[in-house]
Amino acid sequence: VIGALGGSVMLILIALFLFSGASFELRAYELRDALQHLRTGELMAAPAPAVAVDDSVDEALERMRKAARLDLLLVDADGGVRGVVRAADLGAVARATRLGDLDAALVSPFVLAGPDEPAEAALERGRERDADYLVVVTGSQVVGLVGPGELARGLALRAPGPRRRQLMQPLR
């Protein structure tokens with residue numbers, strides 16, 4: 001009896017493993033399908049929400065609060081993009097710290113994308129480079145930002161009715 005019970009527990013565990021893998025694949029397919037017809041420019045926040053390297057952490061957090069965002073582009077005096085700063089990363093930093101003095105680990109990496117570029121291709125390039133953000137440019141001018149918030153909104157608007165809420169959940 002114990003041997004049969006032990007075997008069926010193992011079969012149940014195997015079935016759960018296979019089911020979770022199939023669920024992940026289905027959600028990944030649905031995400032790719034939702035992104036298939038979107039362009040980066042359709043997802044971006046424009047104008048790009050930004051903060052200067054000479055600003056303090058306190059100023060950046062205030063700008064995030066006013067813009068109802070949790071992230072901002074970090075730009076230098078010439079308008080060049082240094083990365084993206086996130087509220088979660090700034091929480092442990094002294095509020096008077098100048099953003100240009102932040103440890104590089106606190107500045108999120110990004111990839112450049114054009115507004116007419118397929119979102120799926122740009123996001124895949126970002127994934128390959130371990131970047132959570134797309135900085136959208138036309139020529140040398142920054143025109144927008146695509147981060148996790150913009151991506152979630154874009155997917156929610158593209159998903160059919162009951163699948164919207166499920167697509168909004170992170171992949172695990």
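Above: the structure in question.
Calculation rules
Residues numbered from 1 in each chain as written. Predicted model: local features only at pLDDT ≥ 70, side-chain atom pairs only at ≥ 80, totals over all residues. Heavy atoms only, no water. Pairing = 2+ DSSP bridges. Helix = DSSP H or I, 4+ residues; strand = E, 2+ residues; numbered from the N terminus. Axes fitted to C-alpha atoms, helices over the stretch in contact; angles between N-to-C directions. Contact = heavy atoms within 4.5 Å. Core = buried A, V, L, I, M, F, W, Y, C linked by side-chain atoms within 4.5 Å. Buried < 20%, exposed > 50% of the residue type's maximum accessible area, 1.4 Å probe, protein only. Arc of directions from axis to C-beta. Salt bridge = Lys/Arg side-chain N within 4 Å of Asp/Glu carboxyl O.

Novice: Residue-level account of the sheet that holds strand β5 (residues 110-113), with values.
Specialist: If you trace the 3 strands from one edge of the open sheet to the other, you get β5-β6-β7, paired in mixed fashion. Both edges of this open sheet fall to β5 and β7 (141-146), since each of them pairs with a single strand only. Averaged over all pairs of adjacent strands, the angle between strand axes in this sheet comes to 30 degrees, irrespective of strand direction. Where β5 meets strand β6 (residues 133-138), 4 bridges bridge the pair, whose relative direction is parallel. Paired with Ala113 across the strands is Val136, a residue of β6. In the packing of helix α5 (residues 119-128) onto the sheet, contacts are made with β5 and β6, and the angle to β5 comes to roughly 155 degrees.

Novice: Can you tell me about the nonpolar core, naming the residues and giving the values?
Specialist: One finds Val51, Val57, Leu74, Val85, Leu90, Leu99 and Leu102 to be the most contacted residues of the largest nonpolar core, which totals 14 residues. Those elements that place two or more of their residues in this core are α3 (57-67) and β2 (71-75). The dominant element in this core, judged by the number of residues it contributes, is α3, at 4 residues. Setting aside residues up to four positions removed in sequence, Val57 forms contacts with Leu90, Val93, Ala94, Arg95, Thr97, Leu99 and Leu102. Residues Leu43, Ala113, Ala122 and Leu155 belong to the second largest nonpolar core, which totals 12 residues.

Novice: Go over α3, please, and point to the residues and values.
Specialist: Residues lying three or four places apart along an α-helix face the same way, a consequence of the helix completing one turn every 3.6 residues. Every buried residue of α3 is listed here: Val57, Ala60, Leu61 and Met64. Down the axis of α3, the sector holding all buried residues measures 95 degrees, keeping them to one side. As for α3, its buried residues are in contact with β1 (50-52), β2, β3 (81-86) and α4 (87-90). The positive-phi residue at the C-terminal boundary of α3 is Ala68, with phi of around 55 degrees.

Novice: Summarise the pattern of salt bridges; cite the residues concerned and give the values.
Specialist: For the structure shown, the criterion picks out 12 salt bridges. With its nearest N and O atoms 3.2 Å apart, the salt bridge here joins Arg86 to Asp132. One end of the pair, Arg86, is in strand β3; the other, Asp132, is in the loop between α5 and β6, with 46 residues separating them in the sequence. Under the relative-accessibility criterion, Arg86 is labelled partly exposed at 27%. A salt bridge links Arg127 to Glu124; the nearest nitrogen and oxygen atoms lie 2.4 Å apart. Residue Arg127 and its partner Glu124 are located together in helix α5, separated by 3 residues, close to a single helical turn. What makes Arg127 exposed here is its relative accessible area of 55%. Salt bridges linked by common partners bring Arg69, Asp71, Glu150 and Arg153 together as one network.

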